[in-house]
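# Structural overview
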Amino acid sequence: MFPRTSEVDTSIQMADNSKAEDAASDSVEAAKHASDKKEKLADQVMQNPQVLAALQERLDSSSHTPSSYIETLPKAVKRRIDALKQLQVKCAHIEAKFYEEVHDLERKYAALYQPLFDKRRDFVIGEAEPTDAESEWHSENEEEEKLAGDLKNKVVIEEKEAAAAATEESNPKGIPDFWFTIFRNVDMLSELVQEYDEPILKHLQDIKVKFSEPGQPMSFSLEFHFEPNDYFTNSVLTKTYKMKSEPDKTDPFSFEGPEIVDCEGCTIEWKKGKNVTVKTIKKKQKHKGRGTVRTITKQVPNDSFFNFFSPIKVSGDGESLDEDSEFTLATDFEIGHFFRERIVPRAVLYFTGEAIEDDDNFEEGEEGEEEELEGEEEGEEEEDTESDPKKDSSQPAECKQQ
């Protein structure tokens, strides 16, 4: 006699339940085993002193930040800290006044430098010759140079005779290519100069710095004086840098002295076909209906040092510049500051290259000191465990401010 269908179904269900219970039991057992394994591993890790030290250091660094420490202070102490911040803001405003007086001093001493800079210009362009006393200069390595000169005397004489025979111009006027050579020697400037800029820069006779007048907003201007040339009609190209010397109302603690906030160039009156800041390209256009083709010429911007006189304008409505524009503007400010502080006051040393060598040596010295100090600190741990010109009385024709 065969079992009833219901009895068969019941038997099958019971078998399935038994299998499920076995599987669940196995799963629980596996999970328990994995948990025990993790606990043992965690115990082993926590018993490792290096791991414990690393965890403790991490906890210490996260729980002892300045801001978290301030938050734990009593209300009365926080109130006193706020009072100190008020005092700090007042200090920043006093510091701003200090820098305003420094600017006045720069203007005062620029008047003392100017006669020397004027004489420098006369020697450079050949309008005056130095006296014997003015041209007397003793080099630090004079004795060594004298010995080397004696040894090579015969060769030098022969070279001079050959040079004199090869050219009729053995005594050129002034110091040829004085400012152009400075541009070529200084990396920051040579990167801006294109090959087609070079003939123009050879007409540069002088660079001057002018400070804003008393009572005017703080600024300084660079004046590039050119002799008559075939490229533009301006005798002077100007660039003015506007400065700010007061704490920012929204962030007064960031004040670290005067900073350049904007600059203004001028319009260069280029002669026909001589504008190196643009280039002309030819472009073909096809008429959609007739299918005819025509060639048009178009002017597009061209890389040139003389773009220096057409700077990016800082937006006055508070809009921020894009990243590339900010970088370009920051570079422009750096160049203007370098002209004012270094190149104009020490032009002859940038012409000879001595100032560049001094700058390089100074940077190397700083790095060497840092490395030496780092080495000393490591050892202890192991044991324990640019002067500027004044306004000329005669004003040459300048380019218009943009």
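Here the structure is shown first, and the text comes after it.
Read on for a plain summary of the structure.

### Here we look at the overall build of the protein
Along the backbone of the protein there are 12 helices and eight strands. The proportion of buried residues among the 402 residues of the protein is 24%. For the protein, the computed accessible surface area is about 29,600 Å², with 52% contributed by carbon and sulfur atoms.

### A few points about helix α10 (residues 323-343)
An α-helical turn contains 3.6 residues, so any two residues separated by three or four positions project in the same direction. Relative to the 30 Å expected for 21 residues at 1.5 Å per residue, α10 spans 28 Å between its end C-alpha atoms, a close match to the ideal helical length. Taken as a whole, α10 has its buried residues at Ser325, Leu329, Asp332, Phe333, Ile335, Gly336, Phe338, Phe339, Arg340, Glu341 and Ile343.

### A word on a negative patch on the surface
A cluster of acidic residues, Glu246, Asp248, Asp251 and Glu259, forms a negative patch at the surface. Tracing the chain through its elements places Asp248 in the loop between β3 (236-244) and β4 (259-264).

### Thoughts on the nonpolar core
In terms of nonpolar packing, the biggest core is built from 47 residues, with Phe183, Phe224, Phe306 and Phe339 touching the most fellow members. No other element matches α10, which puts six residues into this core. Setting aside chain neighbours within four positions, we find Phe339 in contact with Phe183, Leu189, Ile207, Leu222, Phe224, Phe308, Val344 and Pro345.

### Observations concerning the side chain of His103
Counting through the fold element by element, His103 comes out in helix α4 (residues 75-125). Looking at His103, the relative accessible area reads 4%, which means it is buried. Here His103 is in contact with Phe211, Ser212, Met218 and Ser219, once residues within four sequence places are set aside.

### Thoughts on the pairing of strand β1 (residues 204-211)
In terms of residue burial, β1 counts as a mostly covered element, since seven of its eight residues are buried. One ladder, built from seven bridges, connects β1 with strand β2 (residues 219-226); its direction is antiparallel. From the neighbouring strand, Lys210 faces β2, where its bridge partner is Ser221.

### Examining the sheet that holds β3
The strand order across the open sheet built from four strands is β1-β2-β3-β4, with neighbouring strands paired in antiparallel fashion. Taken across any chain shown, the strands that pair with only one partner, and hence form the sheet edges, are β1 and β4. Sheet twist, expressed as the average angle between the axes of neighbouring strands with direction ignored, equals 20°. Those strands touched by α4 are β1 and β2, and its axis lies near 170° from that of β1.

### Remarks on the side chain of Ser304
Relative to the helices and strands, Ser304 is located in the loop between β7 (293-301) and α10. At 2.8 Å, the side chain of Ser304 and the side chain of Asp197 are in polar contact. Apart from residues lying up to four places away in sequence, Ser304 is in contact with Leu192, Gln194, Tyr196, Asp197, Val276 and Thr277.

### Some details on the pattern of salt bridges
According to the stated counting rule, one finds 12 salt bridges in the structure shown. A salt bridge links Arg107 to Asp104; its shortest N-O distance comes to 2.8 Å. Taken together, the residues Arg107 and Asp104, both in helix α4 and three residues apart, mark about one turn of the helix. One salt bridge connects Asp332 with Lys239, and the closest N-O pair in it is separated by 3.0 Å. Taken as a pair, Asp332 in helix α10 and Lys239 in strand β3 lie far apart in primary sequence, 93 residues in all. Both residues of the pair, Asp332 and Lys239, belong to the buried class.

### Some remarks on the packing of aromatic side chains
Evaluated as defined, the whole model comprises 25 aromatic pairs. Relative to Tyr350, the ring of Phe338 lies with its centre 5.9 Å away and its plane at 75°, an arrangement referred to as edge-to-face. You can see Phe338 sitting in helix α10 and its partner Tyr350 sitting in helix α11 (residues 347-352), a full 12 residues away along the chain. Overall, Phe338 belongs to the buried group, its relative accessible area being 17%. Put simply, the rings of Phe183, Phe224, Phe226, Phe232, Trp270, Phe305, Phe306, Phe308, Phe309 and Phe339 pair up and form one aromatic cluster.

### Description of the environment of Tyr99
Among the structural elements, Tyr99 can be located in helix α4. For Tyr99 and Glu256, which are 157 residues apart along the polypeptide, the C-alpha to C-alpha distance reads 10.0 Å. Sequence-distant contacts of Tyr99, that is, excluding residues within four places in its chain, are made with Met218, Ser245, Phe255, Glu256, Gly257 and Pro258.

Cut-offs and rules
- Think of each chain on its own: its residues are numbered from 1, step by step along the sequence as written.
- Where local features are concerned, this predicted model is filtered to residues with pLDDT of at least 70; where side-chain atom pairs are given and counted, the filter is 80 or more; whole-chain, interface and lining totals use all residues.
- Neither water nor hydrogens contribute to the side-chain values; these are computed over all heavy atoms in the structure.
- Runs of E in the DSSP output that reach at least two residues are strands. Runs of H or I that reach at least four are helices, and both are numbered from the N terminus.
- Exposure categories follow from relative accessible area, calculated using a 1.4 Å probe and restricted to protein chains: below 20% of the type maximum is buried, above 50% is exposed, and the middle band is partly exposed.
- Each accessible area value is a Shrake-Rupley result obtained with a 1.4 Å probe; residue values ignore everything except the protein chains displayed when judging cover.
- To estimate how far a helix should reach, multiply one less than its number of residues by 1.5 Å.
- Candidate patch residues must exceed 30% relative accessible area and have no salt bridge, after which like charges are joined if within 9 Å and Val, Leu, Ile, Met, Phe, Trp or Tyr side chains if within 5 Å.
- Definition used for salt bridges: Asp or Glu carboxyl oxygen within 4 Å of a side-chain nitrogen of Lys or Arg.
- Asp and Glu count as negative and Lys and Arg as positive, but His and the ends of the chain are not part of the count.
- Just so you know, the charge point we use is NZ for Lys, CZ for Arg, CG for Asp and CD for Glu.
- Only buried residues count toward a nonpolar core. Its members are Ala, Val, Leu, Ile, Met, Phe, Trp, Tyr and Cys residues joined through side-chain atoms within 4.5 Å.
- Here, residues are in contact when the closest pair of their heavy atoms is within 4.5 Å.
- Pairs of strands are assigned from DSSP output, requiring at least two bridges between the strands.
- Angles run from 0 to 180 degrees between N-to-C directions of axes, and those axes are lines fitted to C-alpha atoms, restricted for helices to the stretch in contact.
- Counted as a polar contact is a pair of N or O atoms within 3.5 Å, where, for protein atoms, one must be capable of donating a hydrogen and the other of accepting one, and residues adjacent in sequence contribute only when both atoms are in side chains.
- Only the six-membered ring of Trp is used, alongside the rings of Phe and Tyr, when aromatic pairs are assigned; centres must lie within 6.5 Å, and planes under 30 degrees apart are stacked while those over 60 apart are edge-to-face, with the rest tilted.

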